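Tertiary structure, described
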Amino acid sequence: MDPASRPTSIRSARVAPLDIALRAPFGISGGALGAAANVLFAVELLDGAVGYGEAAPFPAYNGETQSAALGSLERAARWLPGRDAADWRAIAAEVRAAGGPACGSALCALETALLDALTRSAGIPLWRFFGGAGAELETDMTITTGTPGQAAQAALDIRRRGIRLVKAKIGGPGGPDADLERICAIHEASPGSPLILDGNAGLGRAEASQLAAGLRARGISPELLEQWLPRRDLAGMRALAGETGWRVAADESVSTAAEARLVAGAGAAQVINVKLMKAGIAEALDIVAVARQAGIGLMIGGNVESVLAMTASACFASGLGGFEYADLDTPLFLAENPFEGGFALEGGRVRLAAGAGHGVRPRNLLL
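Within each chain, residue numbers correspond to sequence positions counted from 1 in written order. Residue-level local features of this predicted model are given only where pLDDT is at least 70; pairs of side-chain atoms are given and counted only at 80 or more, and the full residue set underlies all totals for whole chains, interfaces and linings. Working from all heavy atoms in the structure, the side-chain values ignore hydrogens and water.

1. What about the pattern of salt bridges?
- Any carboxyl oxygen of Asp or Glu that lies within 4 Å of a side-chain nitrogen of Lys or Arg is treated as forming a salt bridge with it. Under the definition given, this model contains 19 salt bridges.
- A salt bridge links K167 to D327; the nearest nitrogen and oxygen atoms lie 2.7 Å apart. Here D327 lies in the loop between strand 12 (323-326) and strand 13 (339-341) and K167 lies in strand 6 (residues 166-169), a separation of 160 residues in the sequence.
- Using a 1.4 Å probe on the protein chains alone, a residue whose accessible area is under 20% of its type maximum counts as buried, one over 50% counts as exposed, and one in between counts as partly exposed. Exposure remark for K167: the relative accessible area of 1% places this residue in the buried category.
- Across the pair R247 and E324 runs a salt bridge whose closest N-O atoms are separated by 2.9 Å. Of this pair, R247 sits in the loop between helix 9 (234-244) and strand 9 (248-250) while E324 is found in strand 12, placing the two residues 77 residues apart along the sequence.
- It is possible to trace a salt-bridge network through shared partners that takes in K167, K169, D198, E226 and D327. In this description a helix means any DSSP run of H or I spanning at least four residues, a strand means any run of E spanning at least two, and both kinds are numbered starting from the N terminus.

Okay, here's the thing in structure tokens:
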């Protein structure tokens, strides 16, 4: 059969900006984000199945912007018709070759849409495509940078939601002393909550040591230190784990399987935060393989994404299994939800549906 006439051949592809306001600025060490400037991508197969993907670029990883993601996906949309979606890896490799390292979120949107369409066509859930290990995860919820009072109130709100794990951003204005004050306020407001402290590569070694000493002096032992140090300071990350005895997670340090091998070889982290937006789904699968071979734990996370991309990430992690941590909370920070379907959140439990694909569709005809 001619590939262009197969039921899974691509009839059309469409792309559009996806701008979603936030309830409040999302503050991290490098500044605050006021809105999600993302991209929506869709493909339709000859059999009528339609798949959706989302790009949520984060320039700190690779310089990718919304404009760049739009350009990558618009170019792909012109040559995709007639290609077989079942060749999703080969298609993604072509987009990667054309776009270089600064097309990670565009790759994620493309691959998500292709796999969503394929699994809808086959009538299977996306999480089963990834292995079917499970359909549930436990997510944390993030406290962004701000004042100690704001942090304490956010911790109380998280407890009221029934979410157990708290992730706090550090490295904001005021340095380690301000961070320590905020973390103490969080700990006082929710003393039983395990803490993941995320620096987004915004601390130097001296600042990290100062903050760690302050935490120890106050009897606070974090669950995880996520990327406190600059992304290339692998020796510092290893030293931080040795100095504190606490687990260190690599995030910005790992966007590719090659970087995961560097982290593993340096003994720099005990956990890797896998984000599909960094370099796409195929590359994320390779990162997971490297981590498992090296005995490194896994976390699934994301950028500031809607329920569409977060559900795709939940399908990836729950289907593969073995993810110790999940950070899939950003839909809670968005002022609106332009989609229907997706994962159900009960307290901190993320539950995936048994329907075909990832189960998310635009509420209105955005495309």
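2. Here's the deal with helix 8 (residues 205-217)
- For helix 8, with 13 residues, the first-to-last C-alpha span of 18 Å sits near the 18 Å given by 1.5 Å per residue.
- Of the residues making up helix 8, those classed as buried are A208, L211, A212, G214 and L215. Along the axis of helix 8, the buried positions cluster into a sector of 160°, meaning they face one direction only. With respect to the buried face of helix 8, the exposed residues turned more than 90 degrees away are A206 and A217.
- Buried residues along helix 8 sit against helix 7 (175-189), strand 7 (195-198) and helix 9. Take the number of residues in a helix, subtract one, and multiply by 1.5 Å to get its expected span. Think of it as the arc spanned by the lines of direction from the helix axis to the C-beta atoms. For this analysis, residues touch if any pair of their heavy atoms sits within 4.5 Å.

3. Observations regarding helix 3 (residues 88-99)
- With 12 residues, helix 3 extends 16 Å between its outermost C-alpha atoms, agreeing within 8% with the 16 Å of an ideal straight helix rising 1.5 Å per residue.
- Among all positions in helix 3, only W88, I91, A92 and V95 are buried. Along helix 3, the residues classed as buried sweep out an arc of 100° about the axis, all on the same side.
- Of the residues trailing helix 3, G100 is marked for its positive phi of about 70°.

4. Structural notes on the state of the cysteines
- In this description, a disulfide is simply a cysteine sulfur pair whose atoms lie within 2.5 Å. Applying the stated criterion to the full structure yields 0 disulfides.
- Free cysteine: C103, not disulfide-bonded; nearest cysteine sulfur from C108 at 11 Å.
- Note on C315: no disulfide assigned, nearest cysteine sulfur contributed by C108 at a separation of 12 Å.

5. A few points about the environment of Q150
- As for its position among the elements, Q150 is in helix 6 (residues 148-161).
- Whenever a nitrogen or oxygen atom comes within 3.5 Å of another N or O atom, the pair is scored as a polar contact, on the condition that within protein one atom can donate a hydrogen and the other can accept it, and that pairs from neighbouring residues in sequence are kept only if both atoms are in side chains. Within polar-contact distance, the side chain of Q150 engages the backbone nitrogen of T147 at 2.8 Å.

6. Brief notes about the pairing of strand 6
- Taking every second residue as pointing to the same face, both faces of strand 6 are buried, with V166 and A168 on one and K167 and K169 on the other.
- Relative to strand 6, strand 5 (residues 141-143) runs parallel, the two sharing 3 bridges. The residue bridging M141 from the neighbouring strand is V166, located in strand 6.
- In this view, the connection linking strand 5 to its parallel neighbour strand 6 by way of helix 6 has right-handed handedness.
- Criterion used throughout: strands pair if DSSP finds at least two bridges between them. Two elements, strand 6 and strand 7, share 4 bridges in a ladder whose sense is parallel. Across the sheet, A168 pairs through a bridge with L197, a residue of strand 7.
- Crossovers are described as right-handed under a simple rule: with the strands pointing away from the observer, the path leading from the first strand over the helix to the second runs clockwise. With respect to chirality, the unit in which strand 6 leads through helix 7 into the neighbouring parallel strand 7 is right-handed.

7. Re the pairing of strand 7
- Here strand 7 shows a buried face lined by L195 and L197 and a second buried face lined by I196 and D198.
- For strand 7 and strand 8 (residues 224-226), the ladder comprises 3 bridges, and the chain directions are parallel. Counterpart to D198 in the pairing with strand 8 is E226.
- In this region the chain leaves strand 7, passes through helix 8 and returns to the parallel neighbour strand 8; the handedness of that crossover is right-handed.

So yeah, pure geometry; function would need other evidence.
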